[in-house]
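Spelled out from the first residue to the last, the chains are:
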Amino acid sequence: MNSEITEGEVTLAVDATTNFGKKELAPVVNFDDQVINFKVTDYSGTTNGYTITAKLGDADTTRSLRITGTSGSESELSNTDATEVVAEATHDVGENEGSVNAALKYTGATETRAFTSVINWELTKGSTADIAE
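One structure accompanies this document, and this report is about it. (Residues numbered from 1 in each chain as written. Predicted model: local features only at pLDDT ≥ 70, side-chain atom pairs only at ≥ 80, totals over all residues. Heavy atoms only, no water.)

Next up on the list: the side chain of T62. Mapped onto the elements of the fold, T62 is located in the loop between β4 (47-56) and β5 (63-68). For T62, the side chain forms a polar contact with the side chain of D60, separated by 2.7 Å. In this view, T62 contacts K105, Y106, T107, G108 and A109; residues no more than four positions away in its chain are not counted. (Helix = DSSP H or I, 4+ residues; strand = E, 2+ residues; numbered from the N terminus. Polar contact = N/O pair within 3.5 Å; in protein donor to acceptor, adjacent residues only side chain to side chain. Contact = heavy atoms within 4.5 Å.)

Here the focus is the packing of aromatic side chains. As enumerated under the stated definition, the model contains 3 aromatic pairs in all. For the pair F20 and F31, a centre-to-centre distance of 6.2 Å together with 70° between the ring planes defines the contact as edge-to-face. Placement of the pair is F20 in the loop between β1 (10-14) and β2 (28-30) and F31 in the loop between β2 and β3 (34-42), with a sequence separation of 11 residues. We classify F31 as buried; its relative accessible area is 11%. With a centroid separation of 6.3 Å and 80° between ring planes, the pair formed by F31 and Y106 is classed as edge-to-face. (Phe/Tyr/Trp six-rings, centres within 6.5 Å; stacked < 30°, edge-to-face > 60°. Buried < 20%, exposed > 50% of the residue type's maximum accessible area, 1.4 Å probe, protein only.)

What follows covers the pattern of salt bridges. This structure, assessed with the given rule, holds 6 salt bridges. Residue K39 is joined to E97 by a salt bridge in which the shortest nitrogen-to-oxygen separation is 3.9 Å. Here K39 is found in strand β3, whereas its partner E97 is found in strand β8 (residues 94-107), with 58 residues between them in sequence. For K39, a relative accessible area of 27% gives the class partly exposed. One salt bridge in this structure joins R66 and E74, with 3.6 Å as the shortest N-O distance. Put simply, K39, E95 and E97 are held in one network by salt bridges that share partners. (Salt bridge = Lys/Arg side-chain N within 4 Å of Asp/Glu carboxyl O.)

Before going further, it helps to spend a moment on the layout of surface pockets. Approximately 750 Å³ is the volume attributed to the largest pocket. What lines the largest pocket is a set of 30 residues, among which F20, L104, Y106, F115 and T116 lie closest to the centre. Considered class by class, the residues forming the lining of the largest pocket number 17 nonpolar, 7 polar and 6 charged. (1 Å grid on protein atoms, 1.4 Å probe; cavity = no way out; pocket = protein on both sides within 12 Å on 5 of 7 lines; lining within 4 Å. Points joined across faces, edges and corners; volume = space filled by probe spheres on them. Nonpolar A, V, L, I, M, F, W, Y, C, P; charged D, E, K, R; others polar.)

Take the nonpolar core next. F38, I52, I67, L77, V85 and V86 are the most contacted members of the largest nonpolar core, which totals 20 residues. Where this core is concerned, the elements lending two or more residues are β3, β4, β5, β7 (83-88) and β8. If near-sequence neighbours (up to four positions away) are discounted, V86 is found in contact with F38, Y50, T51, I52, T70 and V100. (Core = buried A, V, L, I, M, F, W, Y, C linked by side-chain atoms within 4.5 Å.)

Before going further, it helps to spend a moment on empty space enclosed by the protein. The gaps left among the atoms become clear once a water-sized probe is rolled over them. The final tally for this structure, using the stated rule, is 1 cavity of 30 Å³ or more. Approximately 40 Å³ is the volume found for the largest cavity. Lining the largest cavity, in full, are L12, V14, I36, N37, F38, I52, V85, V86, V100 and W121. Mapped onto the lining of the largest cavity, the elements with two or more residues apiece are β1, β3 and β7. Counting residues per element, the lining of the largest cavity draws most heavily on β3, which supplies 3 residues. Tallied by class, the residues present in the lining of the largest cavity amount to 9 nonpolar, 1 polar and no charged.

Next up, the structure:
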């Protein structure tokens, strides 16, 4: 009888939608913080740690979207540069769940309508680790 364990994938899953609700038009429209959940699944057996970066997929000069990561650091997202929002030095083989907080604010919005923001998330695997048997 033979068996073999092979290397699997490392994947990132992030909440598909986050609804900040509705607020009345004002010079500054400040929405309450919302939680965005993520899951890093690693069945590779070769990585140790990961970094998640985020970048806005669209430009809106009235919007400010801040992400507070797992370390407590707050970063404002832009549509030009990716910002590190999660950095984990180690993780478990399997599913690793976490969350970040998002704070949304509009300054100088002049119209009432539904706004949609697109966030592009990227997962970078950490350093490789030797697996001893």
